[in-house]
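Fold and contact review
What follows is each chain in one-letter form.
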Amino acid sequence: MGTRAVLQTTVLLALALSAAVMMVHGFASFPGLHADEAWAGLRALEHQERGFFTLHGMRYYAGSLYPYALSLVFKARGASVESLRLPGLCLNVAGLGILLLLLLRQSVRSAGLFVALCCTSLLLLLEARIAWEVMAWNLFGMACLVAVAHAFLVRGSSSALTAFLFFAVSLVGVLNHFVFVSWSLAFALASAVLWWRGRASVATSRFFVLNAVGLAPVFIACVLQWRLGEDSFQHHSTFVLSSLVALPLLATGLWRALVPVLERHAPSLQAWCSARLEGSRVRKPHVWLRVALVPFLIMHGIGLLGVLGNDVLYRRLFGYVPPLALRLTGLLFVSVLLAAVGVACLRTFRAFRQDATDPHGAFWALVLPLYAACFPLFTSRESPRHYLLLTLALFYAGAVLIPSHLPRIRTRLLTVTLVFAAVTQAVAWWNLGSPPRPPLDFRIGWRKETSKHLQDIAPVYALLKQEGICRYEGEFFIQQPLEFLRQAEGWSCANPAAATIEYCPTCEATFFFSVRR
C-alpha cells in the first residue's frame, strides 16, 4: 500500500468515526422537535389507546404504519423525543450497514468510496434523524431491495424467501409513503430493460418476473390507502389487515408459478416485444429517457443540487448562510460527482449491450436515471426528506460502477470526496457548538423554506411547565411540539392562564420565541 493509499485510508477512517458520532450526538435535542414528527408522536399515543384504527397518516399519501410502530416503542420505553427518533436512527444505521456489506462483497474500494460519499451528506448525518416516516423507513427499505437485487443478479438466487422479502418490503414502503412507489417502478422498468432484446439470462428473467409481479401488491396498497376511509377501514379492519399480510405470500406463490412459464417462452416473448417496439415510436428508448428526465431537472434539479452540496442543509438546520467559497465548493463537488456517475452509467450500459456479462452493474446504470424520471410522478415538492432515497441511490451506484468502469478517476474522486467531507464536517461541528441563530428564510429550488420550524422549543416548554400553563395558542408548528411534550411528560395544570406563543426573530433572550400570557 503506497503513501497516498495509507493517507486516504487514515483520513477516511477519521471522517467515518466523526460521521458516526455526528449521527448520534444529541439526536434527541437537535434539530428542534418538528411539528410533523410531533404529530406522528401524538398519533402514536392515540394508537396506544385505540389500536390500529386507520391506514392513513397525516396525509392520504402517508400511512399509519410508522406511528403505530412508534406506539410500540412508547409502550416499551415511554414517550419522549428520544423514543420518537430512536427507531428511525436504528433503521438508518441498519440500512447503511446492509449497503456497506453488499459493497464489501464487491471490493474494498467500492465500500471505501461509498463511506466517503456518505460522510459528505448532512442530509444523512443530521436531517435523517428527524422522525418523518420517509426518513425513518425509506433508507432501510431501499437497502433491503438492493440486497434482493444483488442476490438475484450477482448470486443468481431463486429463493422464495428472498422473493417474499422483496414483496413484503415493497408493500410496507408504499403503505408508509407513496413516494416509495417511484423506487418500485424504477426497479420494474430497469429489470424489464435487462430482460428485453434477447439479453436475458436465467437470473435477469427471474428478476424481471419478480418486479413485474411486485407491482400488483404495490398497486393494491396504493388503491386501498387512497380510497379506503377511516369508517370503512374500522368496519372491515380484520379483513383489510389480513389481506395485506397475505399479499406478499400470494405474490411469492404467483412468482414461483410464472418463472418456469416465462423461461419456456422467453425467446418468443422477446422477439414479439422487439418486433412491436421496432414498429413503434419507441425505437430509441435512450432518447425517450432523456425526455422523461426533463420534468425532474426542471422540478427538482436545483433543489437536489442544494441538498447534495449542503447549502440548503446549512440554512435549514443551523440558520447559517454559508459563504460564497463554501457554496462554490459544494457545487463543484456535486458537479464532479454527477459527471463521474453519469459517465460510469453510460460505459456500464454500453458494455452490457455488447456482452451482457454484468447485469448487476447494468441494472444500477439504468435504475438511477429511471428513478429520477419516475420521481416527479409522485412528488413535486422540493423537500430534503424526499431526496434521501435519491442521494443514497446516487452514492451506491457511484460506488458500484466507478471503480469498475472509471478506475483512474476513482482515486481522484475519492480524494476530492474526502476533502469535501472534511470541510463539511468541520463546518457542521462548528455550527453544532455555536449558540442558536435567528430563524432564516431561504429557498430550496423554486420553493420558499424556513429554518424556524426546526427551532428548539424546549425552553418554551420548560417555561410553561414551570408556570403550570396547559393552555397555549400558536401556529401548527408551535402548537404540535408543545402538545406532544405535554402529553408525553405531563405537568400540573395549576395555572388557568392561556399563553400565546409566536416566532420572534429579534427575541434572542427567549430563544427567538415570544410568550405572551
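Conventions adopted
As a convention, each chain's residues are numbered from 1 in the sequence order in which they are written. Whole-chain, interface and lining totals are the exception, using all residues; otherwise, since this is a predicted model, local features are given only for residues with pLDDT of at least 70 and side-chain atom pairs are given and counted only at 80 or more. The basis for every side-chain value is the complete set of non-hydrogen atoms in the structure, without hydrogens or water. Where helices and strands are cited, they refer to DSSP runs of H or I of at least four residues and of E of at least two residues respectively, numbered from the N terminus. Only protein chains enter the accessibility calculation, which uses a 1.4 Å probe; a residue whose area is less than 20% of its type maximum is buried, one above 50% is exposed, and one in between is partly exposed. Contacts are assigned to residue pairs that have any heavy atoms within 4.5 Å of one another. Salt bridge, as applied in this entry: a Lys or Arg side-chain nitrogen positioned within 4 Å of an Asp or Glu carboxyl oxygen. To estimate the expected span of a helix, subtract one from its residue number and multiply by 1.5 Å. By definition, the arc is the one covered by directions from the helix axis to the C-beta atoms. Note on scores: pLDDT gives the predictor's confidence for each residue, bounded by 0 and 100. Think of each axis as a best-fit line through the C-alpha atoms, taken over the contacting stretch in the case of a helix, with angles from 0 to 180 degrees between the N-to-C directions. Oblique is the label for every angle not falling under 35 degrees (roughly parallel), over 145 degrees (roughly antiparallel), or within 65 to 115 degrees (roughly perpendicular). It is the rotation of the near helix from the far one that decides the hand of a crossing: anticlockwise by less than a right angle makes it left-handed, clockwise makes it right-handed. Note on residue classes: Ala, Val, Leu, Ile, Met, Phe, Trp, Tyr, Cys and Pro are nonpolar, Asp, Glu, Lys and Arg are charged, and everything else, Gly too, is polar. In this scheme, strands are said to pair when DSSP sees at least two bridges between them. Two aromatic rings from Phe, Tyr or Trp, using only the six-membered ring of Trp, form a pair when their centres are within 6.5 Å; if the ring planes differ by under 30 degrees the pair is stacked, by over 60 it is edge-to-face, and anything between is tilted. We call a charge positioned above a ring when the Lys NZ or Arg CZ atom is no farther than 6 Å from the ring centre and deviates by at most 35 degrees from the ring normal.

1. Quick look at the overall build of the protein
Scanning the protein from terminus to terminus reveals 20 helices and 5 strands. If you line up the protein on its principal axes, its C-alpha atoms span 80 × 65 × 40 Å. Taken across its 517 residues, the protein has 53% of its residues classed as buried. Relative to all contacts within the protein whose residues are 6 or more apart in sequence, the contacts with residues 24 or more apart total 78%.

2. Details of the pattern of salt bridges
Using the criterion set out here, one finds 11 salt bridges in the structure. The salt bridge partner of Arg-50 is Glu-46, with a shortest N-O separation of 2.8 Å. Residue Arg-50 and its partner Glu-46 are located together in helix 2 (residues 35–50), separated by 4 residues, close to a single helical turn. What makes Arg-50 partly exposed here is its relative accessible area of 43%.

3. What about the environment of Glu-475?
Relative to the assigned elements, Glu-475 resides in the loop between strand 3 (469–473) and helix 20 (476–489). A relative accessible area of 36% places Glu-475 in the partly exposed class. Distance from Glu-475 to Thr-238, taken between C-alpha atoms, is 37 Å for residues 237 residues apart in sequence. Leaving out residues up to four positions away in the same chain, Glu-475 has contacts with His-453 and Tyr-503.

4. Brief notes about helix 1 (residues 3–24)
Relative to the 32 Å expected for 22 residues at 1.5 Å per residue, helix 1 spans 32 Å between its end C-alpha atoms, a close match to the ideal helical length. Along helix 1, the residues classified as buried are Gln-8, Leu-12, Leu-15, Ser-18, Ala-19, Met-22 and Met-23. All buried residues of helix 1 project into a common sector of 135° when viewed along the axis, lining one side. For helix 1, the exposed residues lying more than 90 degrees away from the buried face are Thr-3, Leu-13 and Leu-17. Packed against the buried residues of helix 1 are helix 4 (81–106), helix 5 (108–118), helix 6 (122–125) and helix 18 (407–432).

5. Here we look at the confidence of the model for the protein
Confidence in the prediction for the protein averages 88 pLDDT; 94% of positions are at 70 or higher. The lowest-confidence element of the protein is helix 12 (residues 237–278), averaging 78 in pLDDT; the highest-confidence one is helix 6, averaging 96.

6. Digging into unusual backbone geometry
Cis geometry marks the peptide bond from Phe-30 to Pro-31, where omega comes out at -10°. By the secondary structure assignment, Pro-31 is in the loop between helix 1 and helix 2. Positioned with a positive phi, Asn-310 is a non-glycine residue whose angle comes to about 75°. Mapped onto the secondary structure, Asn-310 falls in the loop between helix 13 (285–308) and helix 14 (311–318). By relative accessible area, Asn-310 is classed as buried at 0%.

7. Description of the packing of helix 15 (residues 324–355) against helix 16 (residues 359–374)
Two elements in contact, helix 15 and helix 16, have axes whose closest approach is 8 Å; the angle formed by their N-to-C orientations is 130°. Judged on the interaxial angle alone, helix 16 and helix 15 are oblique. As helix 15 packs across helix 16, the resulting crossing turns out to be left-handed. Residue-level inspection shows Val-341, Cys-345, Thr-348, Phe-349 and Phe-352 of helix 15 in contact with helix 16, the latter providing Pro-359, Gly-361, Ala-362, Trp-364, Ala-365, Leu-366 and Leu-368. When grouped by side-chain class, the residues that make up the contact of helix 15 with helix 16 number 10 nonpolar, 2 polar and no charged.

8. Let's talk about helix 16
What sets the pattern is the α-helix's 3.6 residues per turn: residues three or four places apart point alike. End to end, helix 16 covers 21 Å across 16 residues, agreeing with the expected 22 Å (1.5 Å per residue, within 8%). When you tally the buried positions in helix 16, you get 15 out of 16 residues, the bulk of the element.

9. With respect to the sheet that holds strand 4 (residues 495–503)
With mixed pairing, the 3 strands of this open sheet are ordered in space as 3-4-5. Every interior strand has two partners, whereas the edge strands, strand 3 and strand 5 (513–516), have only one. This sheet shows a mean twist of 35° between the axes of neighbouring strands, independent of strand direction. Pairing between strand 4 and strand 5: 4 bridges, direction antiparallel. In the sheet register, Ile-501 faces strand 5, and the bridge partner there is Val-515. Lying over the sheet, helix 19 (residues 458–467) contacts strand 3, strand 4 and strand 5, oriented at roughly 170° with respect to strand 4.

10. Brief notes about the packing of aromatic side chains
Inspection of the entire model under this criterion finds 26 aromatic pairs. Where Phe-114 meets Tyr-396, the ring centres are 6.3 Å apart and the plane angle is 80°; that geometry is what we call edge-to-face. Taken together, the residues span a long stretch of sequence, with Phe-114 in helix 5 and Tyr-396 in helix 17 (residues 388–405) at a distance of 282 residues. The class of Phe-114 is buried, set by a relative accessible area of 2%. Looking at Tyr-396, the relative accessible area reads 0%, which means it is buried. With centroids separated by 5.9 Å and ring planes inclined at 40°, the aromatic side chains of Phe-152 and Phe-207 adopt a geometry described as tilted. Here the residue Phe-152 occupies a position in helix 7 (residues 133–153), and Phe-207 occupies one in helix 10 (residues 202–227), the gap between them amounting to 55 residues. Residue Phe-152 shares its accessibility class with Phe-207, and that shared class is buried. The cationic tip of Arg-50 hangs over the ring face of Phe-53; the distance from NZ or CZ to the ring centre is 3.9 Å.

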